[in-house]
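Results of the structural survey
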Amino acid sequence: MNYISTRDKLSIRTASQAILEGISPEGGLFVPEEIPRLSEEELSALCAKDYCARAEAVLQKYLTDFTADEIASCVRRAYTGGKFENDLPAPLSKLDEGTYLLELWHGPTCAFKDMALQLLPHLLAMSARKNGVKDRIDILVATSGDTGKAALEGFADAPGTGILVFYPVDGVSEMQKLQMRTQEGDNVFVCAIEGNFDDAQTGVKALFTDAALRERMARAHQRFSSANSINWGRLLPQIVYYVSAYCDLIQNEELALGDEIDVVVPTGNFGNILAAYYAKRMGVPIRKLVCASNRNNVLSDFMATGVYDRNRSFYPSVSPSMDILISSNLERLLFELCGRDTAKVRELMESLRTSGRYEITREMADALHQDFAGGYCDDRRTLEVIREVYERYSYLLDTHTAVACAVFDGYVKEREGDVPAVIVSTASPYKFSGSVCEALGIVPQGEDIFAPSDALLEKTGCPIPEPLRRLRGRKPRFDKVCRREEMLGALEEWLGL
Ligand SMILES: *Cc1c(COP(=O)(O)O)cnc(C)c1O
């Protein structure tokens, strides 16, 4: 099966080429030529299998130029060997009758981006080999916090690669900063950018499309690739955990095969929820995909009005990984909503580029509402929900998952009929322990950045994940802060161009 660009159907790639290139030359995103199906028999057979076997089955449908052995080798290296707590990458936790949390933060950086970024380096290395690429591949990342660290962990010392991460100095938590600034590995570069996530992302996009830079790199046998969620190799691993969660519900006899579920996803760049959409299209019985936003509610407004408008204030929130005004992956959904009309996608994206907004057609909006619902909540409500859920269930939510729980609360009141819901839990509460303490009315003692974690541990007894415990006392290796115009220079210096 091949891949095509959302902006040009004649831009055709194999799976490995799509992963290697990251983004299509005309700016479109690669999508599978058709969305493969998982039959009820196949789904049923996966229920008794472990996460790796489920991942292999899903990946085989999309990576048709990889052998089964190659896929198995990538999957096993990503998800076994203690990378994830108890070798269980995506456990389900039952909150209440019919309400489950899909915990995607048991990996090396305690946020859900590990699910994809532990696998991507292996897919990329395999893709390079298949295409005879001997250049060093430099992964360029703009991060609102969690992607950066997860990419650093995934690519650190991966042969034939470099990993360069730019993060907004005002847009990530102290703990996230420390995680990135202490990253080990000889092939890593970490730099802070003055501004917010969109500034960092715009800067990175400019580097990607800089033809002169690309040429200088080619002469030095280097090339860029992306680990941002626009890369198909990032999205694909995320489809797996929706299939896996459904299988777990069957296996635990919470559901019968074929029963529908709702899925609630705390959303930023639209990657995670888009993976759920692909899972649905493959045949996982998902009824509605509920898109939860924080106060930067450009997506829930889009769901409600059919107008995407980024001309609005940007609010740094207590859920910083969702502080995004341009959700890049939405383009892949638009492509499906308009019946795969590349001219329409180009028109909408051009409108976004020139005026910061676009409006979808009535037909597209109808198609959208078939599958999606949306909602948002502000910081005050986010913290209130952390407190409510802790008091009622003794379950500690992080600030992103709490947004999903808050939106789910509102959605439950208006949805038709009751089906079980899987709420996607995207980070350990200890990654955002300052805000979680505030929610619970805990006042940490002292200024140390570990004080909130210690206070939270003392009050709740919930264990601090090992990767965060290990950070204590580590000295930062990276302290560079630069303006957007200085990114090119910093990068060239590090690449030795
Ligand atoms: C990245 C991230 C999100 C948003 O996911 P998208 O795929 O960008 O929509 C939500 N929560 C956490 C903790 C994240 O790191």
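Placed above this text is the structure.
Residues numbered from 1 in each chain as written. Predicted model: local features only at pLDDT ≥ 70, side-chain atom pairs only at ≥ 80, totals over all residues. Heavy atoms only, no water.

**What about unusual backbone geometry?**
Threshold: A run of H or I in DSSP counts as a helix once it spans at least four residues, and a run of E counts as a strand once it spans at least two, with each numbered from the N terminus. The buried label applies to any residue whose accessible area, calculated with a 1.4 Å probe on protein chains only, is under 20% of its type's maximum; exposed applies above 50%, and partly exposed to all values in between.
With phi around 55°, Asn 86 is a residue other than glycine that occupies positive phi space. Take Asn 86: it is sitting in the loop between helix H4 (68-79) and strand E4 (92-96). A relative accessible area of 65% places Asn 86 in the exposed class. Positive phi values are uncommon outside glycine, yet Asp 157 reaches one of about 60°.

**So, the pairing of strand E15 (residues 421-425)**
Taken residue by residue, a regular strand's side chains alternate between the two faces of the sheet. Rules: The pairing criterion for strands is at least two bridges between them, as found by DSSP.
With 5 of 5 residues buried, E15 is to be regarded as a mostly interior element. Relative to E15, strand E10 (residues 261-266) runs parallel, the two being bridged by 3 bridges. Looking at the pairing, Asp 262 lines up with Ala 421 of E15.

**Some remarks on the pattern of salt bridges**
The condition that has to hold: A pair is scored as a salt bridge if a Lys or Arg side-chain nitrogen falls within 4 Å of a carboxyl oxygen belonging to Asp or Glu.
Evaluated as defined, the whole model comprises 37 salt bridges. Among the salt bridges present, the one from Arg 7 reaches Glu 331, with a minimum N-O distance of 2.8 Å. Of the two residues, Arg 7 sits in the loop between strand E1 (3-5) and strand E2 (8-13) while Glu 331 sits in helix H14 (residues 330-337), which places them 324 residues apart along the sequence. Across this residue pair, the class does not change: Arg 7 and Glu 331 are buried. For the salt bridge of Arg 381 with Glu 388, the shortest nitrogen-to-oxygen distance reads 3.4 Å. For Arg 381, a relative accessible area of 17% corresponds to the buried category. Shared partners join several salt bridges into a network, and the residues in it are Arg 380, Arg 381, Glu 384, Glu 388 and Asp 409.

**Quick word on the site of the ligand**
Let me state the cut-off plainly: Throughout, the term near means that a residue has one or more heavy atoms lying within 4 Å of the molecule or strand in question. Distance and chemistry together define a polar contact, namely a pair of N or O atoms within 3.5 Å, with one atom able to donate a hydrogen and the other to accept it when in protein, and with adjacent residues in sequence counting only for side-chain atoms on both sides. Accessibility throughout is a Shrake-Rupley quantity obtained with a 1.4 Å probe, and a residue counts as covered only by protein chains that appear here.
Around the ligand, the surrounding shell holds 15 residues, and the nearest of these are Lys 113, Asp 146, Gly 268, Asn 269 and Asn 272. Asn 269 places a main-chain nitrogen or oxygen 2.7 Å from an oxygen atom of the ligand. Between Thr 426 and the ligand, the recorded distance is 2.9 Å, taken from a side-chain N or O atom to a nitrogen atom. Coverage of the ligand by the protein amounts to 98% of the 380 Å² it exposes when considered alone.

**Quick word on helix H18 (residues 399-414)**
Defined as follows: One less than the number of residues in a helix, times 1.5 Å, gives the span that helix is expected to have.
Here H18 spans 24 Å end to end across 16 residues, near enough to the 22 Å set by a 1.5 Å rise per residue. Where H18 is concerned, the buried positions are Thr 399, His 400, Thr 401, Ala 402, Val 403, Ala 404, Cys 405, Ala 406, Val 407, Phe 408 and Tyr 411.

**A few points about the packing of aromatic side chains**
We describe a pair of aromatic rings using the distance from one ring centre to the other and the angle between the two ring planes. Convention followed: Planes of paired rings set the category: under 30 degrees apart is stacked, over 60 is edge-to-face and the rest tilted, where pairs are Phe, Tyr or Trp rings (Trp by its six-membered ring) whose centres lie within 6.5 Å. Should the NZ of a Lys or the CZ of an Arg lie within 6 Å of a ring centre and within 35 degrees of the ring normal, that charge is described as sitting over the ring.
Evaluated as defined, the whole model comprises 15 aromatic pairs. Look at Tyr 277 and Phe 372: their rings are 5.9 Å apart centre to centre, the planes differ by 25°, and that puts the pair in the stacked class. With Tyr 277 in helix H12 (residues 271-282) and Phe 372 in strand E14 (residues 372-376), this residue pair connects regions lying 95 residues apart in the sequence. The residues Tyr 277 and Phe 372 share a single accessibility class, namely buried. Put simply, the rings of Tyr 3, Tyr 62, Trp 232, Phe 270, Tyr 277, Tyr 278 and Phe 372 pair up and form one aromatic cluster. Above the plane of the ring of Phe 66 lies Lys 130, whose end atom (NZ or CZ) is 5.2 Å from the centre. The ring of Tyr 315 is capped by Arg 295, whose NZ or CZ atom sits 3.4 Å from the centre of that ring.

**Let's talk about the sheet that holds E4**
In plain terms, the rule: Convention adopted: a line fitted to C-alpha atoms gives each axis, helices being fitted over their contacting stretch, and angles between N-to-C directions are expressed from 0 to 180 degrees. Contacts between residues were defined by any pair of non-hydrogen atoms, one from each residue, lying within 4.5 Å.
A sheet is described by the order of its strands in space; here 6 strands give the open sequence E4-E5-E15-E10-E11-E14, paired in mixed fashion. A strand with exactly one partner marks an edge of an open sheet, and here the two such strands are E4 and E14. Averaged over all neighbouring strand pairs, the angle between strand axes comes to 25°, with direction disregarded. Bridge count between strand E5 (residues 99-103) and E15: 5 bridges; the pairing is parallel. The partner of Tyr 100 across the bridge, within E15, is Val 422. Contacts between helix H11 (residues 232-251) and the sheet are confined to E4, E5, E10 and E15, with E10 contributing the most and set at about 135° to the helix. The sheet strands contacting helix H16 (residues 362-371) are strand E11 (286-293) and E14, and the helix crosses E11 at an angle near 100°.

**A short note on the side chain of Ser 11**
Relative to the helices and strands, Ser 11 is located in strand E2. In contact with Ser 11, not counting residues within four places along its chain, are Tyr 3, Ile 4, Ser 5, Ser 24, Pro 25, Glu 26 and Phe 30.

**Observations regarding the pairing of strand E6 (residues 136-142)**
Applicable threshold: Looking down the strands as they point away from the viewer, one classifies a crossover as right-handed if the path from the first strand across the helix to the second runs clockwise.
Most of E6 is tucked away: 6 of the 7 residues are buried. Relative to strand E7 (residues 161-168), E6 is paired through 6 bridges, and the arrangement is parallel. When the bridges of E7 are listed, Asp 138 appears paired with Gly 162. Handedness of the β-α-β unit built from E6, helix H7 (residues 146-155) and E7 comes out right-handed.

**Things to note about the state of the cysteines**
Formally: Here, a disulfide means two cysteine sulfur atoms that sit within 2.5 Å of each other.
Tallying each qualifying case throughout the model produces 0 disulfides. Of the cysteine sulfurs around Cys 74, a residue in no disulfide, the closest is that of Cys 52, at 12 Å. Owing to a relative accessible area of 0%, Cys 74 belongs among the buried residues under this scheme. Free cysteine: Cys 110, not disulfide-bonded; nearest cysteine sulfur from Cys 462 at 13 Å.

Distances and angles like these do not, on their own, reveal function.
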